[in-house]
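The chain contents come next:
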Amino acid sequence: MRVTLLGTGDTTGTPTVGCNCETCAAARERGVERTRFSVHVENERTGEALLVDASPDFRYQFLRDEVALPDAAVVTHVHFDHLDGLGNVYRLLDDLDVYAADETDPLTGESVAETVADDYHYLDPVTVYPTTPFETVETCGFDVTLVPVDHPPLLCYGLAVEDPETGAKLSITGDTSYDVPADSREALADPDLLLADAIVPAHLCDYHPAGGRHADADGVPRTFGTKHMTREGALALADDLDASETRLVHLAHYYPVEEAFAEPLAVDGEEHVL
């Protein structure tokens, strides 16, 4: 299993358009990027590739990192930075199986699968497969399991991707607070690689209108506001899941420059072979 981090940034990415903060300036100077979130998972045994979330930066990411076009995709939720790149399959692919959860979201009145199917009804290559959380599906030679996480007000999902032949396991938290349900934690546990949402460091909770949540014994918030983990929360979850390796993703340019490029914060283009 070869995992390429196509996009490791949040909604605006780093550098952010029109921003001259120290972190964005340093990213430009270093020649590093955090485009909108997306992960490419290649099965080197079968020659197939799975795409996790379709970033609006799809075209640029695939050209930059020279990875194979996907044979299937998973959409974790319907925020634009995880979904709107799906239109890029037009004229590129003859068919693309898209897996998305089948639970009805009380806010939208639709499941993620229904929203994807409705929004991209005009794309003949896209076939949406409504997928029940915790029920494993087989695609690209992998066992893929969607699990509910906590990203109010929308339903959102993390996932585990396992190679049944080699035993390699990738877990992705999806966009979530630290309040990941126990059964989802069990499904995500013991990964060789964990990609964990860590939008900002905990000390920036002081500047969020909702503050921080899910504080540890020392009072350090593990959730920024209501729907993303802090760096500290993501690392605590990694410990809870007993991850062999952890990379922090969905990162905002609000990280102070002296913290923004420290380990284990990921940048675009990283490759991990499991």
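These numbers were taken from a predicted model, which means no experiment stands behind them.

Of the volumes computed, that of the largest pocket is approximately 240 Å³. Lining the largest pocket we find 17 residues, and of these Thr-11, Ile-199, Phe-224, Lys-227 and His-228 sit closest to its centre. Roughly 150 Å³ of volume is contained in the second largest pocket. Every residue along the wall of the second largest pocket is listed here: Thr-12, Gly-13, Thr-14, Pro-15, Val-17, Glu-33, Arg-34, Thr-35, Arg-36 and Asp-57. For the lining of the second largest pocket, a count of residues per class yields two nonpolar, four polar and four charged.

What the seven strands build is an open sheet, ordered β6-β5-β4-β3-β2-β1-β16; its pairing is mixed. Looking along the sheet, the strands with just one partner apiece sit at the ends: β6 (126–131) and β16 (271–273). Neighbour-to-neighbour, the strand axes of this sheet turn through a mean angle of 20°, independent of strand direction. Bridge count between strand β2 (residues 38–43) and strand β3 (residues 48–52): five bridges; the pairing is antiparallel. Note that in β3 the partner of His-40 across the bridge is Leu-51. Contacts from helix α2 (residues 58–65) reach β1 (2–7), β2 and β3 within the one sheet, and its direction differs from that of β1 by about 130°. Contacts between helix α4 (residues 112–119) and the sheet are confined to β5 (96–101) and β6, with β5 contributing the most and set at about 140° to the helix.

Definitions and limits used
- Residues numbered from 1 in each chain as written.
- Predicted model: local features only at pLDDT ≥ 70, side-chain atom pairs only at ≥ 80, totals over all residues.
- Heavy atoms only, no water.
- 1 Å grid on protein atoms, 1.4 Å probe; cavity = no way out; pocket = protein on both sides within 12 Å on 5 of 7 lines; lining within 4 Å.
- Points joined across faces, edges and corners; volume = space filled by probe spheres on them.
- Nonpolar A, V, L, I, M, F, W, Y, C, P; charged D, E, K, R; others polar.
- Pairing = 2+ DSSP bridges.
- Helix = DSSP H or I, 4+ residues; strand = E, 2+ residues; numbered from the N terminus.
- Axes fitted to C-alpha atoms, helices over the stretch in contact; angles between N-to-C directions.
- Contact = heavy atoms within 4.5 Å.

Geometric values such as these leave the question of function open.
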